[in-house]
Amino acid sequence: MDGYITSKKLQSSPNQTDGEHGHDEEANKMFGFVVFLLSESVIFLSFFVGYIVYKTTTINWLPPGILGLEVQDPAINTVVLVASSFVIYLAECALQKYNMNRFRLLLLLTMGMGTYFLVGQATEWSNLEFGFTSGVYGGMFYLLTGFHGLHVFTGVILQGIILVRSFSPGNYDTGHFGVNATSLFWHFVDVIWIILFLLIYIWQ
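Scope of this entry: the structure provided in the associated data block. None of these values were measured; they are calculated from a predicted model.

Brief notes about unusual backbone geometry
Note: most peptide bonds trans; most residues except glycine with negative phi.
Inference 1: Although it is not a glycine, tyrosine 98 adopts a positive phi angle of roughly 55 degrees.
Inference 2: Assignment of secondary structure puts tyrosine 98 in the loop between helix 2 (72-96) and helix 3 (100-127).
Inference 3: Exposure remark for tyrosine 98: the relative accessible area of 48% places this residue in the partly exposed category.

Set out below in structure tokens:
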């Protein structure tokens, strides 16, 4: 009997070690990803500071003939983007419960909301009466909104990748790092846009 118990312990030890190693590896990956987001935050922060400095020191801030930006449509886009953060959070919860159909549906909805935001931004750009070379304001506007839009586009692509991978049997049995990292990136993108919306559209 003692020999049988010892044998069972020896057989279970490698599995426990593999599980702990996998957990540590996923935690290390997430730590590295957080560091990456912090570096992105520094870049955006430098843009924010530059925008504030130029706005408060430039005499003719707006391009000639421009009185300000239309706020209604960007506000709707903001609501959609911020709401998508809640939707992708629900997708994470569904994955934790291994409800794959709900996970895929919510992830697809998040992608649709992100795409809606990008289309809205592209529509706004096409209707603006100033360009990237229209003074400091034009350069800062397109730099900030364009750089953020690139992040939104990246987030949608990442969501598409994890959506495709969700159809691979057993893909998420060993961890959800890809989903968790993509969700964290999406929350980051949403927070950045809230700040941009306040700076560019509200503080005119």
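Alright, that's what it looks like, and here's the rest.
Details of the nonpolar core
Inference 1: Among the nonpolar cores identified, the biggest contains 47 residues, and Tyr51, Leu69, Phe103, Phe130, Phe141 and Ile200 are the most heavily contacted of them.
Inference 2: For this core, the element with the highest residue contribution is helix 5 (residues 177-202), accounting for 13 residues.

Observations concerning the packing of helix 2 against helix 3
Inference 1: Where helix 2 contacts helix 3, the axes come no closer than 8 Å and their chain directions differ by 160 degrees. Taken together, the axes of helix 2 and helix 3 are roughly antiparallel relative to one another. As helix 2 packs across helix 3, the resulting crossing turns out to be left-handed.
Inference 2: The residue inventory of the contact of helix 2 with helix 3, partitioned by class, reads 19 nonpolar, five polar and two charged.

Looking at helix 2
Inference 1: The first and last C-alpha atoms of helix 2 sit 37 Å apart over 25 residues, in line with the 36 Å expected at 1.5 Å per residue.
Inference 2: Tyrosine 98 sits one or two residues past helix 2 and shows a positive phi near 55 degrees.

Notes on the side chain of glutamine 159
Inference 1: Within the fold, glutamine 159 resides in helix 4 (residues 135-165).
Inference 2: Discounting chain neighbours no more than four positions away, the residues touching glutamine 159 are Ile88, Leu107, Thr110, Met111, Thr182 and Trp186.

Each value, and the rule that gives it
- Residues numbered from 1 in each chain as written.
- Predicted model: local features only at pLDDT ≥ 70, side-chain atom pairs only at ≥ 80, totals over all residues.
- Heavy atoms only, no water.
- Helix = DSSP H or I, 4+ residues; strand = E, 2+ residues; numbered from the N terminus.
- Buried < 20%, exposed > 50% of the residue type's maximum accessible area, 1.4 Å probe, protein only.
- Core = buried A, V, L, I, M, F, W, Y, C linked by side-chain atoms within 4.5 Å.
- Axes fitted to C-alpha atoms, helices over the stretch in contact; angles between N-to-C directions.
- Parallel < 35°, antiparallel > 145°, perpendicular 65-115°, else oblique.
- Left-handed = near helix turned anticlockwise from the far one by under 90°.
- Nonpolar A, V, L, I, M, F, W, Y, C, P; charged D, E, K, R; others polar.
- Expected span 1.5 Å × (residues − 1).
- Contact = heavy atoms within 4.5 Å.

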